[in-house]
Amino acid sequence: MNFIIPPQAVFFYKGKWTPEMDAMLLSTLITLRRGREWEDGNVPEDVLRNVRDVIMHPFGMDLTTDDIAGRVKLLKARYISFKKLVKTNGVQWNPQHRIVVASDSTWNFIFKRDASAAAYFYRDEPDFSLLASFFGQFDVKVEFPQEVIAISDNSAEVIVLSDSDVPYAPNRVQPIYSPSDSDEVTSPMPVPSWRHLPK
């Protein structure tokens, strides 16, 4: 399939914005956020004014706080779009080569779901580390609880400890015999030691 997709800059840099301005905007926001809390998309007005002043000087641009707030929203949309893209089945992100790899059928599926993801057809998100530093602060990290899996040999005695009031629940120190299973593996369970060794 031949996709006709413009360069990434066409998606990201219209009007007065440049990659250097985005990098300075994000770096300044990250610096000014230290010690303060606000939701990524709702930057306080005083911070927007400060960022505007920092960016206007070196680039000689006439910016308003609305310009800065609008750019922050666009950068957040880029961050969300890129994260969604790389989580798509069949997509591989190679940060070393700065590319996103997918089959034509996967790209076709992605473009139907989110046309703006075409910005990443030729290369990855150029400001991902800065975007993640600023917008990723409130990302929800899913962690799976640690599960204890009982692994036994063919006929070991398993002792179940229970203080349950449920009828027929196993009682303390009552042995339960485990049927043998040739596919089971016996492994030691690492347990932190709270005992102090004698001196």
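Here is what the cut-offs are and how they apply
- Residues numbered from 1 in each chain as written.
- Predicted model: local features only at pLDDT ≥ 70, side-chain atom pairs only at ≥ 80, totals over all residues.
- Heavy atoms only, no water.
- Helix = DSSP H or I, 4+ residues; strand = E, 2+ residues; numbered from the N terminus.
- Buried < 20%, exposed > 50% of the residue type's maximum accessible area, 1.4 Å probe, protein only.
- Contact = heavy atoms within 4.5 Å.
- Areas by Shrake-Rupley, 256 points an atom, 1.4 Å probe, with all protein chains shown as cover.
- Arc of directions from axis to C-beta.
- Salt bridge = Lys/Arg side-chain N within 4 Å of Asp/Glu carboxyl O.
- Phe/Tyr/Trp six-rings, centres within 6.5 Å; stacked < 30°, edge-to-face > 60°.

Draft legend 1. Seen up close, the overall build of the protein. When you go through the protein residue by residue, the secondary structure sums to 6 helices and 4 strands. Reading the protein from its N terminus to its C terminus gives the helix and strand order α-α-α-α-β-β-α-α-β-β. Counting all 199 residues of the protein, 29% fall into the buried class. Put simply, of all contacts in the protein between residues at least 6 apart along the chain, 60% involve residues at least 24 apart. About 14000 Å² of surface is accessible on the protein, with carbon and sulfur atoms providing 57% of the total.

Draft legend 2. Quick peek at helix α5 (residues 104-113). Among all positions of α5, only Thr106, Trp107, Ile110 and Phe111 are buried. Buried residues along α5 cover an arc of 135° about the axis, so they all sit on one side. With respect to the buried face of α5, the exposed residues turned more than 90 degrees away are Ser105 and Lys112. Tucked inside the fold, the buried residues of α5 contact α4 (65-86) and β2 (99-101).

Draft legend 3. Layout of the pattern of salt bridges. The full count for this structure, using the stated rule, is 9 salt bridges. The shortest N-O distance in the salt bridge between Asp124 and Arg123 comes to 3.4 Å. Each of Asp22, Arg71, Arg78, Glu125 and Asp127 takes part in salt bridges that share partners, so that together they form one network.

Draft legend 4. Highlighting the packing of aromatic side chains. Inspection of the entire model under this criterion finds 15 aromatic pairs. Ring plane angle 65° and centroid distance 5.1 Å describe the contact between Trp107 and Phe121, whose orientation is recorded as edge-to-face. On the criterion of sequence distance, the pair formed by Trp107 in helix α5 and Phe121 in the loop between α5 and α6 (128-135) is long-range, its members being 14 residues apart. A residue is classified by how much of its surface remains accessible, and Trp107, at 3% relative accessible area, is buried. Residue class for Phe121 comes out partly exposed when judged on its relative accessible area of 21%. Cluster of aromatic residues (ring-pair linked, three or more members): Phe12, Tyr13, Tyr79, Phe82, Trp93, Tyr120, Phe128, Phe134 and Phe135.

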